[in-house]
Amino acid sequence: MLDNFGREIDYLRISVTDRCNLRCIYCMPKDGVEWIPHENVLTFEEILRICRVFASLGIRKIKLTGGEPLVRHGIAGLIRDIKAIPGIKQITLTTNGVLFAPMAEELVAAGLDAVTFSIDSLKRDRYADITRFDHIDETEAAIRKAMELGLPVKLNCVPLRGVNEDELPDLAALARDHDLQVRMIELMPIGCGKQFSGIPFSEILTSLEERFGPSIPCSEALGNGPASYVSFEGFKGHIGFITALTHPFCASCNRVRLTSSGFLKLCLNHPDGVELLPLLRGGADDEELKKVLSDAILRKPLRHHFEDRGVGDPDKMNSIGG
Ligand code: SAM
Ligand code: SF4
């Protein structure tokens, strides 16, 4: 459906859990995370109901994210059930990949259409420093497995000053050697992310051009998102830049987000939204739910508020899902 600014909202990102098997330094603290109590987390039946009603309003693409979506048991079944909803055309997953390889066939059989893996370093020690766990082998195996199975693959990398900036060309080289998209995600000042500095897009592009030659802009839309893509001579894939802060893409925003506790977030960095749990558990019927969801989409904010620090600052990326 169209929102009040004429934007077609057809993409729903669902954080299925706030829990995670990693603790990336820019996303979660090492210890003392306050988890959402289990009873306040949406059940799969509740998620499916929301998806069905949203599908009737024009949502066509669904992304499962987290926390780490694969730590929640039964994800393949959820994918299968969402995919079976009339109107849903695509279901994708964003994951750190640690649990992916052994589940890959099951996920594909359930209908998974594409996968995004987060990987910020290809060096064992640095991967472990960033994620606080030594699981690089699992994440790399996941990427290989997804490619073997023919799934479209994207890689998310958050460039961090003084942490992985020297490695960005090596990460980008994965798109030279394989038909996949490597996306450089601008660090957002959310939660632990506030303690780090990102790297400007122009600086990253310069370092890539020094290594790979002049960039070739890509006009084709690659995926559902706001990334702008470039390629380089001899590359099989592309490099994407997602620059929510410095080059906002709010004017073409096509998405809303659902947190694991059932808060419908209308914009990544804006407080407006709706708590759906009381409605779902308070006996609202589908017509009432549909009205609440469509009213919410109509008031989706024009733009995010990253520049007005404090306004709508979410404090936990793991409950929003990126
Ligand atoms: N655990 C899964 C993963 O890491 O792919 C899914 C959830 S994670 C929150 C989704 C994406 O958000 C990841 O690519 C992660 O790198 C990114 N992310 C987390 N905190 C961020 C921040 N402060 N700024 C920018 N991206 C962030
Ligand atoms: Fe977990 Fe993803 Fe956050 Fe890393 S970025 S701590 S993998 S939710």
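Throughout this document, residue positions are counted from 1 along each chain, in the order its sequence is written. Chains carry letters and ligands carry numbers; both start at the beginning, A for chains and 1 for ligands, and go up in the order they are written. Reporting in this predicted model follows two pLDDT cut-offs: at least 70 for local features of residues, and 80 or more for side-chain atom pairs to be given and counted; totals over whole chains, interfaces and linings ignore these cut-offs and use all residues. Derived side-chain values reflect all non-hydrogen atoms in the structure, with water molecules and hydrogen atoms excluded from consideration.

Caption draft 1: Molecular detail of the pairing of strand S4 (residues 114-118). By the criterion of burial, S4 is predominantly enclosed, with 4 of the 5 residues buried. Where strand S3 (residues 90-95) and S4 come together, 4 bridges link them in parallel fashion. What sits directly across from Thr95, in S4, is Phe117. Think of it like this: strands point away, you trace from the first strand over the helix to the second, and a clockwise trace means the crossover is right-handed. Each helix corresponds to a stretch of at least 4 residues labelled H or I by DSSP, and each strand to a stretch of at least 2 residues labelled E; elements are numbered beginning at the N terminus. Read from S3 through helix H3 (residues 100-110) to S4, the crossover connection turns out right-handed. Relative accessibility under 20% of the residue-type maximum defines a buried residue, over 50% an exposed one, and the middle range a partly exposed one, all with a 1.4 Å probe and only protein chains included. When DSSP finds two or more bridges between two strands, those strands count as paired.

Caption draft 2: Structural context of the pattern of salt bridges. Every case where a carboxyl oxygen of Asp or Glu lies within 4 Å of a side-chain nitrogen of Lys or Arg is listed as a salt bridge. Inspection of the entire model under this criterion finds 18 salt bridges. Of the charged contacts, one joins Asp3 and Arg7 as a salt bridge, the two residues approaching to 2.6 Å between their closest N and O atoms. There is no split in this pair, since Asp3 and Arg7 are both buried. Close ionic contact of Glu203 with Arg161 constitutes a salt bridge, the shortest N to O distance being 2.6 Å. Linking Glu203 in helix H7 (residues 201-212) with Arg161 in the loop between strand S5 (153-157) and helix H6 (168-177), this pair joins segments that are 42 residues apart in sequence. Residue classification places Glu203 among the partly exposed residues on the basis of a relative accessible area of 35%.

Caption draft 3: Structural detail: the site of ligand 2. Near residues are defined by distance, with any heavy atom within 4 Å of the molecule or strand qualifying the residue. Surveying the vicinity of ligand 2 reveals the residues Cys20, Leu22, Arg23, Cys24, Cys27, Gly67 and Asn96. Residues are sorted three ways: Asp, Glu, Lys and Arg are charged, Ala, Val, Leu, Ile, Met, Phe, Trp, Tyr, Cys and Pro are nonpolar, and all the rest, Gly among them, are polar. Here the shell around ligand 2 is composed, by residue class, of 4 nonpolar, 2 polar and 1 charged.

Caption draft 4: Up close: unusual backbone geometry. Its identity as a non-glycine residue notwithstanding, Arg132 has a phi of 65°, on the positive side. Relative to the assigned elements, Arg132 resides in the loop between helix H4 (124-131) and helix H5 (136-148). Relative accessible area serves as the criterion here: at 30%, Arg132 is assigned to the partly exposed category.

Caption draft 5: H3, seen in detail. Within the sequence span of H3, burial applies to Phe100, Met103, Ala104, Leu107 and Ala110. All buried residues of H3 project into a common sector of 140° when viewed along the axis, lining one side. Residues of H3 that are exposed and point over 90 degrees away from its buried face: Pro102 and Ala109. Structurally, H3 contributes buried residues whose contacts are with helix H2 (75-83), S3, S4 and H5. Trailing H3 by a residue or two, Gly111 shows a phi angle of about 120°, which is positive. This arc corresponds to the set of directions leading from the helix axis out to the C-beta atoms. In what follows, residue pairs with any heavy atoms lying within 4.5 Å of each other are defined as contacts.

Caption draft 6: Quick peek at the pairing of strand S6 (residues 181-185). Of all 5 residues in S6, 5 are buried; the element is thus mostly enclosed. Side chains of S6 alternate between two faces, with Gln181, Arg183 and Ile185 and Val182 and Met184 buried alike. The handedness of the S5 to S6 crossover, carried by H6, is right-handed. The pairing of S6 with strand S9 (residues 238-242) spans 5 bridges and is parallel. Bridge pairing in S9 links Arg183 to Gly240.

Caption draft 7: Quick look at H6. Burial analysis of H6 places 7 of its 10 residues in the buried class, the great majority of the element. Residues of H6 that are buried include every one of Leu168, Pro169, Leu171, Ala172, Ala173, Leu174 and Ala175, and no others.

Caption draft 8: Structural detail: the packing of aromatic side chains. Ring pairs shown here join Phe, Tyr and Trp side chains whose ring centres sit within 6.5 Å, with only the six-membered ring taken for Trp; geometry is labelled stacked below 30 degrees between planes, edge-to-face above 60, and tilted in between. Throughout the structure, instances matching the rule amount to 5 aromatic pairs. Plain terms: the ring middles of Phe201 and Phe241 are 4.5 Å apart, the flat faces sit at 85° to each other, and that makes the pair edge-to-face. Taken together, the positions of Phe201 in helix H7 and Phe241 in strand S9 put the pair 40 residues apart, joining distant regions of the chain. A residue is classified by how much of its surface remains accessible, and Phe241, at 2% relative accessible area, is buried.

Caption draft 9: Looking closely at the environment of Cys218. For Cys218, the position within the fold is in the loop between strand S7 (216-217) and strand S8 (228-231). Judged by its relative accessible area of 18%, Cys218 is buried. Distance in space between the C-alpha atoms of Cys218 and His238 is 8.2 Å, their sequence separation being 20 residues. When near neighbours in sequence (up to four residues on either side) are disregarded, Cys218 contacts Tyr229, Val230 and His238.

Caption draft 10: Focus on the nonpolar core. What we call a nonpolar core is a set of buried Ala, Val, Leu, Ile, Met, Phe, Trp, Tyr and Cys residues that are connected through their side-chain atoms within 4.5 Å. Counting residues in each nonpolar core, the largest one holds 93 residues, and the members touching the most others are Phe54, Ile62, Leu64, Phe100, Leu107 and Ile239. Per-element accounting of this core gives the leading share, 8 residues, to helix H1 (residues 44-56). Those residues within four positions of Ile62 in sequence are excluded, and the remaining contacts are Tyr11, Leu12, Ile14, Cys51, Ile82, Ile88, Gln90, Ile91 and Thr92.

Caption draft 11: Seen up close, empty space enclosed by the protein. The pocket and cavity definitions rest on a 1 Å grid over protein atoms only: a 1.4 Å probe that fits but cannot leave marks a cavity, an open set with protein on both sides within 12 Å along at least five of seven lines marks a pocket, and residues lining either have an atom within 4 Å of a point. Grid points are joined across faces, edges and corners, and a volume is the space filled by probe spheres set on the points. Per the counting criterion, the structure on display carries 1 cavity of 30 Å³ or more. Counted as a void, the largest cavity has a volume near 50 Å³. Lining the largest cavity, in full, are Pro159, Met184, Ile185, Glu186, Ile199, Phe201, Ile204, Phe241, Ile242 and Thr243. Put simply, the parts of the chain that give the lining of the largest cavity at least two residues each are S6, H7 and S9. For the lining of the largest cavity, the residue count by class is 8 nonpolar, 1 polar and 1 charged.

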